[in-house]
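Results of the structural survey
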Amino acid sequence: MAAIRVLMVDDQPVILAALRQMLAQESDLELREVSDPSRAMIEALAFEPAVILQDLVMDGLDGISLLKRYRAHPSLVDVPVVMLSAAEEPETKVDAFRNGANDYVVKLPSALELAARIRHHGRAFHNARQREQAFQALLESRAALQARQAEIERQKAQLEAQARQ
């Protein structure tokens, strides 16, 4: 399986450095960092992550607003988003989930837990994409088969007409 691409978004470089260090030994994860939340959409579209790991509270553009932008974009609508926050209040977590977060982690978790959560969401995302691609291939195959069947029926009718002449 290809590496799981992880986009990490946090306006605090020290947090990004801590996350990078926590995940440095995970050879199956490909990491990219964004410290300016206003660039997160651009980076996400260019990087095509399987998981977005982002802070909830950031200067300029908060995590919920950014989450809503991901969910509104066709290329990012299904990408799992794991929210990171120091906030432990249930209301804050519920708000994140209501707005489309796939997971919520109180920062900073253990490296083992974070890697496990990323792998879980990344694999689920890849599996869903593979199912979608297989379904599209099946639809295309079915359409090609139907077109071929129609052509055979047309040729058969033409041969029968010629035979009657």
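Data block above holds the structure.
Here goes a summary of the coordinates provided. Computed from a predicted structure; not experimentally measured.

Turning next to helix α1 (residues 13-23). Inspection of α1 places Ile15, Leu16, Leu19, Met22 and Leu23 among the buried residues, and these make up the whole buried set. Relative to the axis of α1, the buried residues are bounded by an arc of 125 degrees and lie together on one face. Counted as exposed and oriented over 90 degrees from the buried face of α1: Pro13, Val14 and Gln21.

Residue Leu108 is bonded to the preceding Lys107 through a cis peptide linkage, with omega at -10 degrees. Here Leu108 lies in the loop between β5 (103-106) and α5 (111-164). The phi angle at Glu48 is positive, at roughly 55 degrees, despite the residue not being glycine. Along the chain, the position of Glu48 falls in the loop between α2 (40-47) and β3 (51-55). Residue Glu48 is classed as exposed on the basis of its relative accessible area of 59%.

Attention shifts here to the pattern of salt bridges. Tallying each qualifying case throughout the model produces 11 salt bridges. Two residues, Arg32 and Glu43, come together in a salt bridge whose shortest N-O distance is 3.4 Å. Taken as a pair, Arg32 in strand β2 (residues 29-34) and Glu43 in helix α2 lie far apart in primary sequence, 11 residues in all. Exposure remark for Arg32: the relative accessible area of 31% places this residue in the partly exposed category. Note on Glu43: relative accessible area 18%, which makes it buried. A salt bridge links Glu151 to Arg154; its shortest N-O distance comes to 2.6 Å. Placement of both Glu151 and Arg154 in helix α5 is noted, with a separation of 3 residues, approximately one turn of the helix. By relative accessible area, Glu151 is classed as partly exposed at 26%. It is possible to trace a salt-bridge network through shared partners that takes in Asp10, Asp55 and Lys107.

This brings us to α2. Residues separated by three or four positions in an α-helix point in the same direction, a consequence of the helix having 3.6 residues per turn. Ala40, Met41, Glu43, Ala44 and Phe47 are the residues of α2 that are buried. The buried residues of α2 occupy an angular sector of 165 degrees when projected down its axis, which confines them to one face. Each element contacted by the buried residues of α2 is listed here: β1 (4-9), β2, β3 and α3 (63-72). Phi for Glu48, located one or two positions after α2, is positive at around 55 degrees.

How each quantity is defined
- Sequence order as written defines the numbering, with residues in each chain counted from 1.
- The predicted nature of this model means local features are confined to residues of pLDDT at least 70 and side-chain atom pairs, given and counted, to a pLDDT of 80 or more, with totals for whole chains, interfaces and linings taken over all residues.
- Note that water and hydrogens are dropped before the side-chain values are worked out from all heavy atoms of the structure.
- Only protein chains enter the accessibility calculation, which uses a 1.4 Å probe; a residue is then buried when its area is under 20% of its type maximum, exposed when over 50%, and partly exposed in between.
- Under the DSSP-based scheme used, a helix requires at least four consecutive residues in state H or I and a strand at least two consecutive residues in state E, with every element numbered from the N terminus.
- Taken from the helix axis, the directions to the C-beta atoms give the arc we talk about.
- Definition used for salt bridges: Asp or Glu carboxyl oxygen within 4 Å of a side-chain nitrogen of Lys or Arg.
- Throughout, a contact is declared for two residues whenever any of their heavy atoms are within 4.5 Å.

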